[in-house]
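# Per-entry structural report
Residue-level listing of the chains:
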Amino acid sequence: MTDVVENLERVKARIASAAANFGLPFKVKVPEIIAVSKTHEAAAILPLLKAGHRHFGENRVQEAEKKWPALKEKYPDIVLHLIGPLQSNKAKDALALFDVIHTIDRDSILDAMVKLAPTHQRFLVQINTGNEPQKAGATTEQAEDFITKAKQALNEKVCGLMCIPPADQNPAPHFGLLKLLAKAHGLPDLSMGMSGDYALAAAMGATYVRVGSAIFGERS
Ligand SMILES: *Cc1c(COP(=O)(O)O)cnc(C)c1O
């Protein structure tokens, strides 16, 4: 079995030295590490909770509903992040369980959230920086208008932007674009970087990295 706590420590260490490893002469802000536990059972998650880790990510509402209510009862300060696409008919369930939703990506989801009047939740707008047809997120063409709209609809509950760069491209320009867009709209949070590129994302100013397999091992 993989030692998830040891793996998390390794991720933290790589982030701590990320800026220096890229030759940058300054220290970067250390992002919050979201341990992406999709496909993994509570048994794999518990060691991290016992070690004090609190930020976790899931990409499906239904899967999350099976494991997280019990864990949240035991550890009430868990911060649960939804990082996968959201359907309007699951919006209510998502708000009941998740604290941060990274995947606001189109009008219908925005409308559903406004109607449900979220309380403590925070939202990030997903940008399809590679304009990939199979991927969710506002395209680079739609981004300006959609971010403006989201901020008008949900006000300060919109805290940042999220992206998943194309798998076959250098992620750096995508992270750079996300950062420029966030800055232009006064949004503080950047959700970018996964197991393959979280150190780069951290060096480029990510405030959240979403790390699955580097902590839990490969998904079957
Ligand atoms: C699964 C997933 C991750 C984590 O992926 P790893 O490569 O295993 O770290 C991050 N972000 C999103 C949106 C995901 O669906």
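Everything here concerns the structure above.
Here's a quick rundown of the structure. (Residues numbered from 1 in each chain as written. Predicted model: local features only at pLDDT ≥ 70, side-chain atom pairs only at ≥ 80, totals over all residues. Heavy atoms only, no water.)

## Section: the nonpolar core
In terms of nonpolar packing, the biggest core is built from 62 residues, with W68, F98, I101, M113, I127, L161 and I215 touching the most fellow members. Ranked by residue count, the leading element in this core is helix α9 (residues 198–203), at six residues. Those residues in contact with I127, other than ones at most four positions away along the chain, are G137, A138, A143, I147, L161, M162, C163, L178 and L181. (Core = buried A, V, L, I, M, F, W, Y, C linked by side-chain atoms within 4.5 Å. Buried < 20%, exposed > 50% of the residue type's maximum accessible area, 1.4 Å probe, protein only. Helix = DSSP H or I, 4+ residues; strand = E, 2+ residues; numbered from the N terminus. Contact = heavy atoms within 4.5 Å.)

## Considerations on the pattern of salt bridges
In the structure shown here, the tally under the stated rule is ten salt bridges. The closest approach of N and O atoms between K67 and E58, which form a salt bridge, is 3.0 Å. Of the charged contacts, one joins D99 and K72 as a salt bridge, the two residues approaching to 3.1 Å between their closest N and O atoms. Of this pair, D99 sits in the loop between α5 (91–97) and β4 (100–104) while K72 is found in helix α4 (residues 61–74), placing the two residues 27 residues apart along the sequence. Across this residue pair, the class does not change: D99 and K72 are buried. What you see here is one network of salt bridges that share partners, running through E58, E63 and K67. (Salt bridge = Lys/Arg side-chain N within 4 Å of Asp/Glu carboxyl O.)

## Details of the pairing of strand β3 (residues 79–82)
In this structure, strand β2 (residues 55–58) lies alongside β3, joined through four bridges in parallel fashion. Opposite H55, over in β3, you have V79 as the bridge partner. As for the winding sense of the linkage, the β-α-β connection from β2 through α4 to β3 is right-handed. In this sheet, β4 lies alongside β3 in parallel orientation, the contact comprising two bridges. Following the sheet pairing, H81 is matched in β4 by V100. Remark: the β3/α5/β4 crossover connection has right-handed handedness. (Pairing = 2+ DSSP bridges. Right-handed = clockwise from strand over helix to strand, strands pointing away.)

## Concerning the pairing of strand β1 (residues 32–36)
Every other side chain in a regular strand lies on the same face of the sheet, so the side chains alternate between the two faces. Burial of β1 is extensive: four of the five residues sit out of reach of the surface. Strand direction decides the pairing type here: β1 and strand β9 (residues 208–211), joined by four bridges, are parallel. Across the sheet, A35 pairs through a bridge with V211, a residue of β9. Judged from the two bridges that link them, β1 and β2 form a sheet pairing that is parallel. Bridging from a neighbouring strand, V36 pairs with G57 of β2.

Coordinates in, geometry out; function isn't part of it.
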